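Chain and residue survey
One letter stands for each residue in the lines below.
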Amino acid sequence: MKRVLEAQLDKYFNPQTTAEIKVIEGTHAASHAAKLARVKTISAYPITPQTSIVELLSEMCASGDLEAQFIKVESEHSAMACLIGAEATGARSFTATSSQGLLLMHEVLHWAAAARLPIVMVNVNRALAPPWNIWTDQTDSLAQRDTGWIQFYAESNQEVLDTILMAYRLGEQVMLPVMINMDAFFLSHTAEPVAIPKQNLVDEFLPAYRPEFTLDVNDPRAFGGLTKPDRYMEFRYNIQKAMETAARLIPTVAEEYDYLIGRHHGTQVEEYRTEDAEYLLVTSGTITGTTRIVVDQFRDQGVPLGLLKIRTFRPFPDQAIRNAVAHVKKIGVIDRNISFGSGGIFFNEIKAAIYNAKVHPLLNGYVAGLGGRDVTPSVITDIAEHLIKSKQGKDLIWIGVKK
Amino acid sequence: MSQILFEIPKVEIMGSGHLACPGCGATMAMRYALKALGRKTVVVIPACCWSIIDGAAPYSVLGVPVFHTAFETAASTATGIKAGFVAQGKTDINVLAWAGDGGTFDIGFQSLSGAAERNEDIIYVCYDNEAYMNTGIQRSSATPQGAWTTTTPVQNPKSRPKKNIVDALAAHHIPYIATASVSYPDDFIRKLRKAKSMKGMRFLHILSPCPPGWKSQAEDSVKIARLAVECCVFPLYEVHDGRRYNLTHKPKGLPVKEYLKLQGRFRHLSDADIEKIQTEVDHNWRTLQRRVEFSTEIDTRSDVSDQGATK
Amino acid sequence: MTEVLEIRDGVPSFAISVGTMEWNKTGSWRYMRPRYEDKIPPCTVGCPTNEKIPRYFALVKEKKYEAAWHIILEDNPLPGVCGRVCYHPCETVCNRLEFDEPIAINHLERFVADQNFTRRYPKHFFVPKNGRKVAIVGSGPAGLSAAYQLARRGYEPVIYEARDEAGGMLRLGIPEYRLPREILDKEINDIISLGVIIKTGVSIGTTISWDSLKKDNDVVLIATGAHKPRSIDLPGSNLTGVTSGLSFLTRYNLTGKADIASRLLVVGGGNTAIDTARTAIRLGADVTLVYRRSRDEMPAVPEEIEAAEQEGVKIQYLTAPIAFLGTDRLEKVRLIRMELGTQDKSGRRRPIPILGSEYEVEVEQVLLAIGEIPRLDFLPHSFDKTGKRVTVDSFQLTNQKGIFACGDVAAGPVGTVVDAIATGKMAALAIDQYLTKGEITPPPQIKNGVPYAELNLDYFFPEQRAPSRFTPAGESIRSFEEVHHGLEPSDALYEAHRCFSCGVCTECDLCLIYCPDVAIKQTRNGSGYIINYDYCKGCGLCVKECPRNAMTFEEEVQ
């Protein structure tokens, strides 16, 4: 525990690059990131637990701290459609949503990506209804798997802020939109110390958005017109290529961010104590922080347990996963989501990724913590022990379901 | 030697080679609109006939930027485009949302209502061909009572009257609403120029003949749209601030049958059906006249739209 | 940035346009083809000389009065005359008649002529002479028209006129209050300016023999008109005081003097009768005019009848004289009332006397104006005749080689100035062909290309015809000043604008405005339009919306 905190202090609060340290909720970390990115247009619709993001942004716009057009639309669908328009003019834009709101956006999420508009959106992972539930669950964002959005999953409020800044840099480079996910309440409404980087350093890291093609009355072009089969497939190929490029660029962007701001949250993945690990837990979101403590405890007892944190769901870190599993014997994937009729979504992606790897360790899929149920250190300890004891891999193991 | 009846701007921003059916009213409407608005205009096109008419990528028939967007998002995307421009200091660009009746009356009504309530600084044109023509003539809430469509077959034609979109928009108290017809290009262009000179949400409702969908002759498109006006089916008027109504053309008040008889979609109607439609038209016309009369009593100082002033 | 923005085959890596749709030649969709085709308007067909009425109206609208005059002059060298005396059959077929009121075509013709009163013919009217002479007998409207058309084609026509002044019936029969002599003189002088020689005081058969005239000329055109008053065979016809209206008019028109009684009766219903009556009333007589049919059948121009009535001419319709009574001098006329029976050959209802309706009126003078017939005594008997006129074919050719006839002397439409001008024109065109090709090909038959139903009336609104301006009747009879004052320039423009311009493009731009395919453009020189068939989809809107049927829609020829 102490080690983690020390490491965090070291990593997070570099006085040379920090303008201010604020003890803030994840939602406000997102608001500050948008402000630092100098977004020009914001459009959003209220939904718990996202709302505080845009509330703070409205205040910033009202006070003049942020010079942006804030359009308070009548639905999430319109919010995204609005930003699609704004981004097409060359204006950097931002929105935030959650759960049902994200699902309502689904159609236009495809539009944003295929129109190659690098909008950045924060999604607060919240469970889907019915029944109503406002607590965390990743199924909302994972259901947007094929929309063409780059997806990040953050572990801390600081990572939320830093990832948003990196998202603009990355998205604008590959012309794809980026979604940064944070867990409802565990991040969104939990205050943590967050280092707000100096604006001049952010500006250096993230230059103004200057796309090659915009809606320009001096260079009139039609965007997204009827395309016949002879060309459509190439456009899809290009999006896949852009995703692959993004995978390649993520480490570079992270390094540059580290170089300028002095913080690094990993690449597409972050490995924690995986050196000589025989057993590996794979996590995303806030479960990761809890898992770090459990890993430390197992290591203290001499058990070679490691942790692989997935930071990007799209592009999916196939190669990083293959590298990470090259020497382990057993892998347990913890999913706070469920694809009905199949299982944990990260699990399935990882299973697919390692199919073409040289080695095939034992692979267990654990589904835990749906709808905001706590995944405590003891839950993770149970999972780790179950994994270590496992003789044969199992696709779907429900954790904590009441009989 | 020329004897011009009315003049319209010479500039051609819409070109030739587009994919519209012969005699397409929507195409004429676009041509006039761009003549009125000029090249500093961005057109937002949701799913509608114009998604096709504009041409097969990577080509476009319009000499202004065009943004194709999802069916229900004309108003919201246009809003964002305007905001994007304003955020970058480009405040003099007209953003024109160009949607069909389906995208306006039906699926796009929510985003339209939202934009109207917020008084977004956009020009929204609904070219109304009174059904989902691009998908093959299915009824929309803009389809008139009694009309045939593929989903309202003659055994069971549309029983409900057309939604009054102007009334619906007027309820939002936006600065400017006007109806316009492709058969009155001077009136049409005057209204778009007026819209251009104003700020805030401006909505134009254009009746747009569709020869395949209306089962009419391509050559009759202008005649039919003119009859719609002259039979008081589609009067030409303006609404300022959602309350002050004025007519821009005095219709001849011809019997509605004159309008109906040129269109195959009404062929199945009996005299009694036509009489019923006539009654409805008469009622709507009287209502409009009353509103026009009452408008003189409205004090313009009570205008509620905050951005309706001339630019 | 934009590491992934590759350009492949000129197309960026996402869906944005790189060009226009002009590659897409939508003309291939077309199965009907519109084209510009001016049609012949009904007024042009109605006008015996086929004046291109909408064409010169278009120029009037632009206040290009000289150019407008030139258009009229193609068909008629006497617009100042016709604009005053023509019975304007053009107006009775005007499509506007069905809509509201016909265009005041006649007044506009006069307006154009009057605007050019001080102008002379343009240079291009004067063509090199071809050295061929044509003899024309008679300098009335027919002879003048023929001479003019021939001179325009390089001939050197010589007109032989028996009287001392040229003009024929225009000068002899038409009173000055209808046709001021300065107008007539001006237009005759214009014709002379082309090199036309008018030998006055030369009477064929007296001064020059017919045979020598024929021998000395390749072609002779007889245009002697009809000057012999038709006689009436009634008891007392020979009484002093029973004379011809035409002789009375001629005497007054040439000398400014005529014997006139205080109470007189004019018999007849044509223009000569009205002219006689109105001249007589100006000379102070109490004038009654009797006509055996009703007003509807009266051949005189309706406006003239109306003017005569306003000036105080008492007109008795359905009335005819049956005897002139008196000893030596006329004292009374016995009249009988008539009623109309069935139609006769002329299509008019035949008047039938009502037995027992006879009555007598006391008059001192009767002027008979019941028609005129030609004098043919100077011609050999070998000429075929129809009734009392020289027989001609449709090219005004008589049965004699190289001898043509036109105007009232020839069979065919007779009695009006414009018909004389028309047949003169036709004769000239025939003579030209006869002399250059040796044979005459029939002129194209023209017919109305724009029936009323073909107009798109959506672009027109009922508008009253511009009012005529007259000297009030009480004042007009005090002199021989011209009674009608023509149109105010503003009214002339108004009338020109009222014209539907049937079948004749006015460049109103509607075709260009409505074209959904942007396939219609103005021509480079700014006159007319061109259709870009690469893109025209053949929707036909341009044709349908053309207000005046100046376009044609026809099946596409593959």
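What counts as what
Residues numbered from 1 in each chain as written. Chains lettered and ligands numbered in written order. Predicted model: local features only at pLDDT ≥ 70, side-chain atom pairs only at ≥ 80, totals over all residues. Helix = DSSP H or I, 4+ residues; strand = E, 2+ residues; numbered from the N terminus. Rg over C-alpha atoms; globule rule 2.2 N^0.38 Å. Buried ≥ 20, exposed ≤ 12 C-beta atoms within 10 Å, placed from the backbone. Contact = placed C-beta atoms within 7 Å. Arc of directions from axis to C-beta. Domains from an automatic or database assignment. Expected span 1.5 Å × (residues − 1). Nonpolar A, V, L, I, M, F, W, Y, C, P; charged D, E, K, R; others polar. Pairing = 2+ DSSP bridges.

A few points about the overall build of chain B
- Regarding its fold elements, chain B presents 11 helices and eight strands.
- For 311 residues, the compact-globule formula gives about 19 Å, and the C-alpha radius of gyration of chain B, at 19 Å, lands near that figure.
- Summarising its shape, the C-alpha atoms of chain B cover approximately 60 × 50 × 50 Å along the three principal directions.
- Here chain B holds 311 residues, and 62% of them are scored as buried.
- Taking the intrachain contacts of chain B between residues at least 6 apart in sequence as the baseline, contacts between residues at least 24 apart amount to 70%.

Focus on helix α14 (residues 302-310) of chain C
All names here are of chain C.
- Within the sequence span of α14, burial applies to Glu-304, Ile-305, Ala-307 and Ala-308. End-on view of α14: buried residues confined to an arc of 165°, all on one side of the axis.
- Of the surrounding secondary structure, the elements contacted by the buried residues of α14 are α13 (271-282).

Quick notes on the domain arrangement of chain A
Residues and elements named next belong to chain A.
- When cut into domains, chain A gives domain 1 (12-261) and domain 2 (269-398).
- Computed from C-alpha coordinates alone, the two centres of domain 1 and domain 2 are separated by 27 Å.
- Between domain 1 and domain 2, the residue contacts involve 27 residues of the former and 19 residues of the latter.
- Elements supplying a minimum of two residues to the side of domain 1 that touches domain 2: α6 (139-142), β6 (150-153) and α9 (229-261).
- With five residues, the single largest contributor to the side of domain 1 that touches domain 2 is α9.

Some remarks on helix α3 (residues 74-87) of chain B
Residues and elements named next belong to chain B.
- Here α3 contains 14 residues, and its C-alpha end-to-end distance of 20 Å stays within 8% of the 20 Å for a straight helix at 1.5 Å per residue.
- Extensive coverage of α3 is indicated by the burial of 13 of its 14 residues.
- Downstream of α3 by a residue or two, Gly-89 has a phi angle that is positive, lying close to 80°.

Observations regarding the interface of chain A and chain B
- Tallying the contact residues gives 38 residues for chain A and 38 residues for chain B.
- Counting residues per element, the ones that place at least two in the side of chain A that touches chain B are β2 (41-44), β3 (69-72), α4 (76-88), α5 (99-114) and β9 (222-223) of chain A.
- The element best represented in the side of chain A that touches chain B is α4(A), accounting for 10 residues.
- Split into classes, the residues belonging to the side of chain A that touches chain B amount to 18 nonpolar, 12 polar and eight charged.
- Here β9(A) runs beside strand β2 (residues 66-68) of chain B; their pairing, made up of two bridges, is parallel. Each bridged residue has a counterpart across the sheet, and for Phe223(A) the counterpart in β2(B) is Phe67(B).

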